[in-house]
Amino acid sequence: PHLSFSSNIVKNKINTLSIPSYDCDSFIEWKKQDEQDIKSEINREYALYIETPCSHPDGIYAENRFPPEIPCSHENYYKPINNFFKKINEDMNLEIKILRHPRSTQADINAIKYGTEIHSKKIEYFKNAKIVLIFGSGAVSFAVNFYKPIIFMTHNKLTFHNRRNIKYLASYFKKK
C-alpha cells in the first residue's frame, strides 16, 4: 500500500498516517454539531451494551486456528449474557441499552432478553450512560472519550482467542 492508517505507534512513519482511533472522525463530526442532549428522553439510568454477536465472522476459521477452537453455540453464548444483564437490571436498577454491531443478525439481538436496542443518537447514548458493557470493540473509544466506566465482559464459553483479545484490551486500562 502507498499509505497506511494506524491507531498504534509505528516506528516507520514514512507511509503511515497516525489516527487516534477508527471512530475518531465520527466523534469529531458529532462535536461540531450543536450538542444534542437526550437527557429529556431518559426515564432511568442505563448501562450501554456494545453488542458483539455470536454470529461474528471472526469465528468462521476458529477450527483452523492454533490451538484449534470450536466457536460457542448460540445458547452458550447468550445464556451468561442474559444472566449478567438480569443482575445489572435488578441489582443495580439499570436499564440495558443495546448498541448493535453492524454484522449482527436479528436472531443475535432477539437472544438478548434484557435491554432495548437503540437506533439513533448513538453517541449521545455513550455520553449519558452510567456504565458501558463490552466484550471487545473499537467502539470502546467512545466510552473513553466520555470518561465512562467500562466493564469488560467475558465468559468461559468464549474461544481462547476471544478471551485473549478482551484481556488484552482490558489490560490497557490496567484491569482484568
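Below you will find a few notes about this structure.

**Re the overall build of the protein**
On a plain count of helices and strands, the protein comes out with 6 helices and 7 strands. The helix and strand sequence of the protein, counted from the amino end, reads β-β-α-β-α-β-α-β-α-β-α-β-α. Expressed as a percentage of its 176 residues, the buried residues of the protein come to 38%. For the protein, the share of sequence-separated contacts (at least 6 apart) that also reach a separation of at least 24 residues comes to 61%. If you sum the accessible surface of the protein, you get close to 11,600 Å²; carbon and sulfur atoms cover 52% of it.

**What about the packing of aromatic side chains?**
Under the counting rule described, the total for this entry stands at 9 aromatic pairs. Plain terms: the ring middles of Phe84 and Phe85 are 6.2 Å apart, the flat faces sit at 45 degrees to each other, and that makes the pair tilted. Within the aromatic cluster, the residues linked to one another by ring pairs are Tyr49, Tyr77, Tyr78, Phe84, Phe85 and Phe135.

**A short note on the pairing of strand β3 (residues 46-50)**
Judged by how many residues are buried, β3 sits mostly within the fold: 5 of 5 residues are covered. Side chains Tyr46, Leu48 and Ile50 of β3 all project onto a buried face; the interleaved residues Ala47 and Tyr49 project onto the opposite face, where all are buried too. With 5 bridges connecting them, β3 and strand β4 (residues 95-99) associate as parallel partners. Its bridge partner being in β4, Ala47 is matched across the sheet by Ile96.

**Quick notes on the state of the cysteines**
A complete count under the given rule lists 0 disulfides for this structure. Distance from the sulfur of Cys72, which forms no disulfide, to the nearest cysteine sulfur (Cys54) is 5.9 Å.

**Points about helix α6 (residues 160-172)**
With 13 residues, α6 should cover 18 Å at 1.5 Å per step; its first-to-last C-alpha distance of 19 Å lies within 8% of that length. Every buried residue of α6 is listed here: His161, Ile166 and Ala170. If you follow the buried residues of α6, they end up packed against β7 (150-152). Positioned one or two residues after α6, Lys174 has a phi angle of 60 degrees, which is positive.

Reading guide: rules and limits
- Residues numbered from 1 in each chain as written.
- Predicted model: local features only at pLDDT ≥ 70, side-chain atom pairs only at ≥ 80, totals over all residues.
- Heavy atoms only, no water.
- Helix = DSSP H or I, 4+ residues; strand = E, 2+ residues; numbered from the N terminus.
- Buried < 20%, exposed > 50% of the residue type's maximum accessible area, 1.4 Å probe, protein only.
- Contact = heavy atoms within 4.5 Å.
- Areas by Shrake-Rupley, 256 points an atom, 1.4 Å probe, with all protein chains shown as cover.
- Phe/Tyr/Trp six-rings, centres within 6.5 Å; stacked < 30°, edge-to-face > 60°.
- Pairing = 2+ DSSP bridges.
- Disulfide = S-S within 2.5 Å.
- Expected span 1.5 Å × (residues − 1).

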